Amino acid sequence: MSHAKGTRRLVPCLRLLREMKREHVRPDLIIYNSLLACIAEEGLALEAWAVVDDMIAMGILPDRQSYHHILHATTWEALEKMADQGIPRNEQTYALIVKRIASSEGVELALQFMHEMAKRGFTPDVTATQDVIKLAAHLNFPRLAIDIAQNFETHSVRRIDGETWMSCLVSSAESLYADGVQKCWEKAIHEMNLTPDEGTCISVLHTCGRHGLADLATDVIRVLRSTGVDWQEHHFAPLLEAFSRVGKLKEAFGTLHLLRSNGIVPLPETTRPITDILKRDLDAVDGVWKILDELRDEGHVIDAAAINTIIEASIALGDLQRAVGAYKAIREYTSKPDIETFNHLLQGCINTNHRELGDKLLLDLKQANVRPNALTYERTILLCLTQPTYEDAFFYLEEMKAQKIVPPLRVYEAIIRTCVVAGDSRYSLALAELEQCGYSLSKDLQRYIVANRSS
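Residues numbered from 1 in each chain as written. Predicted model: local features only at pLDDT ≥ 70, side-chain atom pairs only at ≥ 80, totals over all residues. Heavy atoms only, no water.

Caption draft 1: The nonpolar core, seen in detail. Trp 185, Val 204, Phe 253, Leu 292, Ile 381, Ile 415 and Ile 416 are the most contacted members of the largest nonpolar core, which has 143 residues in total. Discounting residues that sit within four places of it in the chain, Trp 185 has contacts with Leu 169, His 190, Pro 196, Cys 201, Val 204, Leu 216, Asp 219, Val 220 and Val 223. (Core = buried A, V, L, I, M, F, W, Y, C linked by side-chain atoms within 4.5 Å. Buried < 20%, exposed > 50% of the residue type's maximum accessible area, 1.4 Å probe, protein only. Contact = heavy atoms within 4.5 Å.)

Right, here's the structure in full:
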């Protein structure tokens with residue numbers, strides 16, 4: 001019977017009881033508790049109470065251990081029976097209650113019993129406490145989870161395990177809870193020497209980017225490399241955002257070269273946080289040159305993406321001349337313009353209807369052996385449409401299609417609007433192509449065609 005209880009195997013236990021009955025052996029409290037342990041392990045509440053009824057019929061009263069076994073299968077009725085028999089709750093009782101409630105995701109109720117336990121002077125069970133902490137973390141209450149963990153370690157010699165702290169870290173990161181991420185990272189990674197997976201690191205990086213935790217983001221990048229994860233663009237985008245939020249533009253620009261040296265091409269989205277800072281005013285744009293000069297004098301290579309942020313910000317501030325000046329200065333920093341450089345400048349040409357500069361940029365692009373992409377063609381076509389004579393727009397449209405690039409909807413809409421206003425019947429051809437590409441004609445454009453065609 002002891003073996004059956006130890007292995008929590010109900011069927012062997014029942015077979016032994018059958019043999020005992022056949023041999024007229026009277027069961028005692030130990031036998032009944034062993035049976036209750038097996039039944040409760042299976043979660044058979046009705047059967048557990050049937051055993052209790054049989055115990056009472058045999059003149060054997062259940063003790064605290066009996067009810068502890070029943071608590072595995074049911075909670076409230078067992079507690080009521082204990083109270084009726086005058087059996088007080090002890091630490092194990094509370095631990096079983098808390099674990100039972102935590103398994104049903106009742107975090108508030110579990111905390112009530114933990115508070116009651118503390119008022120009675122009982123030390124919380126570490127396993128039950130960890131269950132509540134992990135439940136709070138799972139339910140996206142990272143602050144609560146961390147508070148429970150810290151409070152437990154303050155009042156107990158036992159320590160919360162690494163798995164539980166890691167669940168707090170993940171929950172904090174997913175909730176963008178900066179204070180929690182910092183505490184849990186220090187605890188789990190530095191004090192307990194745990195190794196986070198890549199997904200956890202990415203979530204932590206997003207929190208760093210949102211709250212400007214540049215030092216922590218740098219440490220996460222280090223951990224990623226130490227675990228053998230290949231660096232990718234999406235690892236560095238939050239790092240650049242963190243640097244930008246705390247005004248560490250020098251470190252941000254230096255990181256751009258680190259990306260390129262590891263075979264990672266910085267995207268416009270990667271450098272967006274830097275550009276957003278520079279867009280505030282022209283003084284911010286002009287101040288960047290001092291930073292770039294310092295980096296160059298220290299022997300760093302200035303990435304084209306760094307200059308592109310100046311170009312994009314200048315254009316956003318309506319200063320095309322400043323953007324062109326930055327473009328001309330690229331080679332002074334041993335860099336070469338990339339496709340994003342030309343795309344930003346073409347946007348500036350569109351904003352100012354400067355077709356002549358656009359033609360020169362396209363020539364420079366060709367001489368630099370930079371391959372145009374879909375955005376390059378799109379902006380070239382839109383630039384052509386800013387002019388009274390827009391025949392070249394159709395030329396670039398055909399060239400775009402010849403490169404197996406599907407023109408975006410906004411290109412067709414721009415062509416249609418221009419042709420309709422000019423009384424150019426080719427708008428119908430653009431309409432047909434629009435539909436062939438699987439696009440739908442917006443109601444706004446339909447009204448525009450009707451209004452301008454009839455006028």
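Caption draft 2: Structural view of the side chain of Thr 255. Structurally, Thr 255 can be placed in helix H16 (residues 249-261). Note on Thr 255: relative accessible area 7%, which makes it buried. In terms of polar contacts, Thr 255 uses its side chain to reach the backbone carbonyl oxygen of Glu 251, at 2.7 Å. Setting aside anything within four residues of it in sequence, one finds Thr 255 in contact with Phe 236, Leu 239, Leu 240 and Phe 243. (Helix = DSSP H or I, 4+ residues; strand = E, 2+ residues; numbered from the N terminus. Polar contact = N/O pair within 3.5 Å; in protein donor to acceptor, adjacent residues only side chain to side chain.)

Caption draft 3: Inspection of empty space enclosed by the protein at higher detail. Counted according to the given criterion, the structure contains 2 cavities of 30 Å³ or more. The calculated volume of the largest cavity comes to roughly 70 Å³. Taken together, Pro 266, Leu 267, Pro 268, Thr 271, Thr 275, Ala 305, Asn 308, Thr 309, Glu 312, Asp 338, Glu 340 and His 344 form the lining of the largest cavity. The element best represented in the lining of the largest cavity is helix H19 (residues 304-316), accounting for 4 residues. Approximately 40 Å³ is the volume attributed to the second largest cavity. (1 Å grid on protein atoms, 1.4 Å probe; cavity = no way out; pocket = protein on both sides within 12 Å on 5 of 7 lines; lining within 4 Å. Points joined across faces, edges and corners; volume = space filled by probe spheres on them.)

Caption draft 4: Looking closely at the packing of helix H23 (residues 374-384) against helix H25 (residues 409-422). In the contact formed by H23 and H25, the axes pass within 10 Å of each other and the chain directions differ by 10 degrees. Taken together, the axes of H23 and H25 are roughly parallel relative to one another. Judged by residue contacts, Glu 378, Ile 381 and Leu 382 of H23 engage Arg 410, Val 411, Ala 414 and Ile 415 from H25. Partitioned by chemical class, the residues of the contact of H23 with H25 number 5 nonpolar, no polar and 2 charged. (Axes fitted to C-alpha atoms, helices over the stretch in contact; angles between N-to-C directions. Parallel < 35°, antiparallel > 145°, perpendicular 65-115°, else oblique. Nonpolar A, V, L, I, M, F, W, Y, C, P; charged D, E, K, R; others polar.)

Caption draft 5: Seen up close, the environment of Ile 310. Position of Ile 310 among the secondary structure elements: in helix H19. Ile 310 sits in the buried class, given a relative accessible area of 1%. Considered as a pair, Ile 310 and Gly 325 are 15 residues apart in the sequence and their alpha carbons are 9.9 Å apart. Residues in contact with Ile 310, not counting those within four places in the same chain, are Leu 278, Val 285, Val 288, Trp 289, Leu 292 and Ala 326.

Caption draft 6: Up close: the pattern of salt bridges. If you walk through the whole model with that rule in mind, you get 28 salt bridges. Arg 355 is the salt-bridge partner of Asp 392, the closest N and O atoms lying 2.5 Å from each other. Here Arg 355 lies in helix H22 (residues 355-367) and Asp 392 lies in helix H24 (residues 391-402), a separation of 37 residues in the sequence. The class of Arg 355 is buried, set by a relative accessible area of 14%. (Salt bridge = Lys/Arg side-chain N within 4 Å of Asp/Glu carboxyl O.)

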